[in-house]
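# Coordinate inspection notes
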Amino acid sequence: MLKAIILIGGPLKGTRFRPLSLDLPKPLFPVAGFPIIQHHIEACQKVEGLKEILLIGFYQPSDAFKTFLSRAQQEFHISIRYLQEYTSLGTAGGLYHFRDVIQSGNPECFFVMNADVCSDFPLTEMVESHRQRAHACCTMMGTEASREQALNYGCLVENTDTHEVLHYVEKPGTFVSSIINCGVYLFSPEVFKHIATVFARHQEDLPSKDSIRLEQDIFPMLTGDSKLYVHKTQNFWSQIKSAGSAIYANRLYLALYHKTHPDRLAAPGEGMPTIKGDVYIHPSANVDSTAVLGPNVTVGANVTIGPGTRIRESIILDGASIQDHSCILHSIVGWNSTVGAWTRVEGTPSDPNPNIPFAKLDSGELFSEDGRLNPSITILGRNVTIPPEVIVLNSIVLPHKDLPHSYKNQIIL
Ligand code: GDD
Ligand code: GTP
């Protein structure tokens, strides 16, 4: 039997995702029409013998969480539970704290997945390669990054014949390797012995320290001892840190739907708007047939989209209204927001540099070193009203704002 744990973090995390994470925990933010972690759950559901999914984090269980959990339980016919840490225990501390729950039923091994990544999660392949290595304690998913960007991730050096990890450094200061840790692991229960060793050491040296991190405390200990292996993937993978990365993840998951859920992609038809490329439209949305949508557009539940509108590379969240002839490009329109007629809401794309092989998305700091707002996607928070005939460019609008006129390169508080 197998299990999966999704590390969802807590309200102190996800700050780069504001203002969208003010209303909803980031793991529940919809990408390609479904909460970020639902894509993890759907990948887990395809793994034979995987019986339980545990979400570990330090969010208070809000209504949104409870609704998500009960809906997911029903839909996926799999046990899904939330285990709440009393404080941020670190990526290994939470696992250790809930070790009895994780080990109940004697799973052969268990996945641990960071919530803030998107991928087509080659989990079954990871199980196969893990099983081939008798003494493996952990198989981690890895991918190639550019030399400069690798420094922002966990970096590992492998034995290219056996794929054993010989050396692991978390976010190194200088170049170590361009193979990075994707934040998806398959562990044998033996890992608890290693975490216990670190826990005991902390008790002696730093009794006030609750947190234990896989990346700093555990992986370096497992290297070079036939215990840690890498499963490299050539397929898509990205972090979801900033709101801009949600638009990129949206594109990747919409493209994946061609293989996994073709029924979720909007197709041309009578009464349908013009669809360009990959678009998801929630069945309850009301989209005028003269609108043009795509590529890379997600339209949420109960959204209204008027005649003559153009939407591209954007996410329109539940209940929003896009009025006649307005144009939305590279933007996220918040829940229940209204964009007036003949208005233009536009952001700057933040895609990985196409000229650098293996480039990843930059995590998107809000401000540059000289204190200027970096051009990025435009984000309208929840319940924002934009009047007709204005332009909102490269701006972030906090929730519940009624904009009086046009804005450019601003954070509207
Ligand atoms: N439950 C719980 N408790 N979850 C946590 C905690 C905690 O105390 N701290 C972090 N997490 C969760 C986050 O929600 C996220 O899903 C994941 O653990 C890792 O988050 P970070 O600690 O912010 O690390 P990172 O994203 O900068 O880097 C990690 O992921 C990269 C790949 O995306 C590292 O594992 C890197 O090595 C890796 O390359
Ligand atoms: P491509 O050459 O198709 O990649 O477009 P672009 O990137 O040069 O143009 P841009 O990103 O500005 O516009 C994207 C799409 O939105 C294009 O198909 C435009 O025709 C359409 N578009 C741009 N501005 C408006 C507008 O104000 N109103 C409407 N209805 N559509 C617009």
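Scroll up to find the structure this text is about.
Being a predicted model, the structure only gives us computed values, none of them experimental.

### Looking at the site of ligand 2
- The environment of ligand 2 is made up of Arg-310, Arg-312, Cys-327, Leu-329 and Arg-344.
- Of all the elements in the fold, those that place two or more residues in the shell around ligand 2 are strand E20 (310-312) and strand E23 (327-329).
- Per-class residue counts for the shell around ligand 2 are two nonpolar, no polar and three charged.

### Thoughts on the site of ligand 1
- Around ligand 1 sit 26 residues, and of these Gly-9, Asn-114, Tyr-153, Gly-154 and Gly-183 come closest.
- Put simply, the parts of the chain that give the shell around ligand 1 at least two residues each are strand E1 (2-9), strand E4 (50-57), helix H3 (90-97) and strand E11 (179-187).
- With four residues, the top contributor of residues to the shell around ligand 1 is E11.
- When its residues are assigned to classes, the shell around ligand 1 shows ten nonpolar, eleven polar and five charged.

### Here we look at unusual backbone geometry
- Here the residue pair Arg-18 and Pro-19 is connected by a cis peptide bond, since its omega of 5° sits within 30 degrees of zero.
- Looking at the secondary structure, you find Pro-19 in the loop between E1 and strand E2 (30-31).
- Although it is not a glycine, His-163 adopts a positive phi angle of roughly 65°.
- In this structure, His-163 sits in the loop between strand E9 (154-158) and strand E10 (165-170).
- Phi is positive for His-325, close to 60°, though the residue is something other than glycine.
- Among the structural elements, His-325 can be located in the loop between strand E22 (321-322) and E23.

Criteria and thresholds
- Residues numbered from 1 in each chain as written.
- Chains lettered and ligands numbered in written order.
- Predicted model: local features only at pLDDT ≥ 70, side-chain atom pairs only at ≥ 80, totals over all residues.
- Near = placed C-beta within 6 Å.
- Helix = DSSP H or I, 4+ residues; strand = E, 2+ residues; numbered from the N terminus.
- Nonpolar A, V, L, I, M, F, W, Y, C, P; charged D, E, K, R; others polar.

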